[in-house]
Amino acid sequence: MPTPIIIDTDPGQDDAVALLLALASPAELEVVAITTVAGNVPLELTTRNSLMMVELAGRTDVPVYAGCDQPMVRPLVTAEFVHGKSGIDGSNLPNPTTQPADGHAVDYLLQAIRQRPGMTLCTLGPLTNVGTALQREPGIAEDIEKIVLMGGGFFEGGNTTPAAEFNIYEDPQAADLVFRSGIPLVMMPLDVTHQALTSDARIQAFRDLGNAAGAATAGMLEFYERYDMERYGTLGGPLHDPTVIAYLLEPEMFGGRHCSVEIETTSELTMGMTVVDWWDLTEADPNCLVVNQIDDQGFYTLLTDRIGRLP
Ligand code: BDR
Ligand code: CA
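Overview of the structure. (Residues numbered from 1 in each chain as written. Chains lettered and ligands numbered in written order. Predicted model: local features only at pLDDT ≥ 70, side-chain atom pairs only at ≥ 80, totals over all residues. Heavy atoms only, no water.)

## A look at the site of ligand 1
In step 1: Taken together, Asp14, Asp15, Asn40, His83, Leu124, Met150, Asn159, Glu165, Phe166, Asn167, His240 and Asp241 form the complete shell of residues around ligand 1.
In step 2: Asp14 has a polar side-chain atom sitting 2.6 Å from an oxygen atom of ligand 1.
In step 3: Asp241 is positioned such that a nitrogen or oxygen atom in its side chain is 2.7 Å from an oxygen atom of ligand 1.
In step 4: In isolation ligand 1 offers 280 Å² of accessible surface; the protein chains occlude 96% of this area.
In step 5: Where the shell around ligand 1 is concerned, the elements lending two or more residues are helix H1 (13-23) and helix H6 (166-170). (Near = heavy atom within 4 Å. Polar contact = N/O pair within 3.5 Å; in protein donor to acceptor, adjacent residues only side chain to side chain. Areas by Shrake-Rupley, 256 points an atom, 1.4 Å probe, with all protein chains shown as cover. Helix = DSSP H or I, 4+ residues; strand = E, 2+ residues; numbered from the N terminus.)

Pasting the structure below:
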């Protein structure tokens, strides 16, 4: 039986590739719905971009629900300087012809989680939708199998401030609710995603697939990689969000440690920092599997194989 998942996302080229990977893997993953949140670009665009991926994958059977258009407390900070004006610059795709599903993503999440206990949430953006759902009905925590999330960084530091990674920095109050919820968590921080770098050969492999999804992936990654290559002086850009989906497909490609993780929500200097007790200094109960190892070539091989199965 495929694992039922809901993907909460703010596409973003790397989110878009994560959506394609999940939608290309129906034998393992049942994508029950996609919920969108403001993050890399405003909500209207993250919703539009999700619809475009569903159409590109030929999977318009998967509903897309639009969610929160700003973080729970702090102002929205977008990242067009990384992702371009549309969020998925480089994809060269037409506007979607389909519409989002009726209703707000938070209402949908509450109802869907209650109705079908045991689903896994995959969060690829700020945690606003899930945090808001938990604030409204804390009891849903018991009905969620686990959350696999892209966010945070510890030895690697931050990518938005010296201390904080974008998804957690964007909505630390929501992240705090998630990390305190008691839901089993798996975290893909910058420590692992900065090992999953694009390269000319890896991008060419997507283009060589000869299908529309491969061409869009290659175009998006060519646009997207330039910011991080310049910032970090690396030969490629980190493909953050697809690690979440790859973990569900092939967990043996990853390694990590169960730790206690807390979120900084008060200090402006370190706002949104993921404080990982890697060395068990607090002896607090672990609330999260913190992933820090990846078979990066295996990851790109999986991605290329699955995107090759799409139209
Ligand atoms: C995260 O922030 C966004 O730029 C990416 O989509 C990813 O989810 C990386 O910090
Ligand atoms: Ca994202």
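Still more ground to cover, so stick around.
## Focus: unusual backbone geometry
When glycine is set aside, most residues are seen to have a negative phi, and most peptide bonds are trans.
In step 1: Here the bond from Pro11 into Gly12 is cis, since omega is 5°, no more than 30 degrees from zero.
In step 2: Its location among the elements puts Gly12 in the loop between strand S1 (3-9) and H1.
In step 3: Backbone geometry places Asn92, a non-glycine residue, at a positive phi of 50°.
In step 4: In this structure Asn92 comes out as exposed when scored by relative accessible area, which is 74%.
In step 5: One non-glycine residue with positive phi stands out, namely Asp280, at about 55°.
In step 6: Along the chain, Asp280 turns up in the loop between strand S9 (274-276) and strand S10 (288-294). (Buried < 20%, exposed > 50% of the residue type's maximum accessible area, 1.4 Å probe, protein only.)

## Considerations on helix H2 (residues 43-56)
In step 1: With 14 residues, H2 should reach 20 Å at 1.5 Å per residue; the first-to-last C-alpha distance of 20 Å fits that figure.
In step 2: Most of H2 is tucked away, with 10 of its 14 residues classed as buried.
In step 3: Residues Leu43, Thr46, Thr47, Asn49, Ser50, Leu51, Met52, Met53, Val54 and Leu56 constitute the buried set of H2.
In step 4: Looking at the buried side of H2, the elements it contacts are S1, H1, strand S2 (29-36), strand S3 (64-66) and helix H10 (212-232).
In step 5: Of the residues trailing H2, Gly58 is marked for its positive phi of about 65°. (Expected span 1.5 Å × (residues − 1). Contact = heavy atoms within 4.5 Å.)

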